[in-house]
Amino acid sequence: MRAAGTLNEPLLLLNPEITNGTDGSVTRSYQQIAMVWGLVEASTGSQSTVAGRIASTYPLTLTLRRRTDVAEGWRVERGGQSLRVKAVLPHSEQAPFMQILCEQEEGDDGRA
């Protein structure tokens, strides 16, 4: 079990909202849900070729106090980076913490 003091990085949780326009267009935006404190741990990155160019992924594991509302497709903002929630790891109802697997958004170079 982690001590709460190790959750030392501010993270902004964003929920996707889809709006249908009167012209048939679809707009996706993100609503701020909460600022939480978390622990960010880097995993091993990987490279692949997509559409004739090299694409890199840099997965991160976020640990934060357990919440029931975070889901795949959400976004997390971390110091100027936009992270896409790829998976929320299963946890027991009694677990005080949860883990979220994220990847940096494509086209986001991590600079503020």
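Each remark here, short or long, concerns the structure printed above.
The rules behind the values
- Residues numbered from 1 in each chain as written.
- Predicted model: local features only at pLDDT ≥ 70, side-chain atom pairs only at ≥ 80, totals over all residues.
- Heavy atoms only, no water.
- Helix = DSSP H or I, 4+ residues; strand = E, 2+ residues; numbered from the N terminus.
- Buried < 20%, exposed > 50% of the residue type's maximum accessible area, 1.4 Å probe, protein only.
- Contact = heavy atoms within 4.5 Å.
- Areas by Shrake-Rupley, 256 points an atom, 1.4 Å probe, with all protein chains shown as cover.
- Core = buried A, V, L, I, M, F, W, Y, C linked by side-chain atoms within 4.5 Å.
- Pairing = 2+ DSSP bridges.
- Axes fitted to C-alpha atoms, helices over the stretch in contact; angles between N-to-C directions.
- Salt bridge = Lys/Arg side-chain N within 4 Å of Asp/Glu carboxyl O.

Draft legend 1. Structural context of the overall build of the protein chain. Assigned secondary structure in the protein chain consists of zero helices and eight strands. By residue count, 28% of the 112 residues in the protein chain fall in the buried class. By sequence separation, contacts in the protein chain at least 24 residues apart represent 51% of the contacts at least 6 residues apart. Counting only carbon and sulfur atoms, one obtains 49% of the accessible surface of the protein chain, whose full area is about 7200 Å².

Draft legend 2. Region of interest: the nonpolar core. Ranked by size, the top nonpolar core spans 16 residues in total, and within it L62, V76, I100 and C102 carry the most contacts. Secondary-structure elements contributing two or more residues to this core are β1 (9-20), β2 (26-42), β5 (59-65), β7 (81-88) and β8 (97-104). Leave out the neighbours within four places in its chain, and C102 touches Y58, P59, L60, L62, V76, L83, R84, V85 and K86.

Draft legend 3. Structural view of the pairing of strand β6 (residues 75-78). In the sheet, β1 pairs with β6 via three bridges, with the strands oriented antiparallel. If you follow L13 over to β6, its bridge partner there is V76. The pairing of β6 with β7 spans four bridges and is classified as antiparallel. Opposite E77, over in β7, you have S82 as the bridge partner. Hairpin connection from β6 to β7: two residues lie between these consecutive antiparallel strands, with G79 at a positive phi of about 50 degrees.

Draft legend 4. Region of interest: the sheet that holds β1. Taken together, the six strands give a closed barrel; going around it, the order is β1-β2-β5-β8-β7-β6, and neighbouring strands pair in antiparallel fashion. On average, adjacent strands in this sheet sit at an angle of 45 degrees to one another, irrespective of strand direction. In this structure, β2 lies alongside β5, joined through five bridges in antiparallel fashion. Across the sheet, residue A42 finds its bridge partner in β5, namely L60.

Draft legend 5. View of the pattern of salt bridges. Scanning all chains against the criterion turns up three salt bridges. Measuring nitrogen to oxygen at the nearest pair gives 2.6 Å for the salt bridge that ties R78 to E9. With R78 in strand β6 and E9 in strand β1, the pair connects residues that are 69 residues apart, well separated along the chain. Classification of E9 by relative accessible area gives partly exposed; the value is 21%. Here R84 ties to E103 by a salt bridge, and the two come within 3.7 Å at their closest N and O atoms. Of the two residues, R84 sits in strand β7 while E103 sits in strand β8, which places them 19 residues apart along the sequence. Exposure remark for R84: the relative accessible area of 25% places this residue in the partly exposed category. Accessibility expressed as a relative area gives 18% for E103, which makes it buried.

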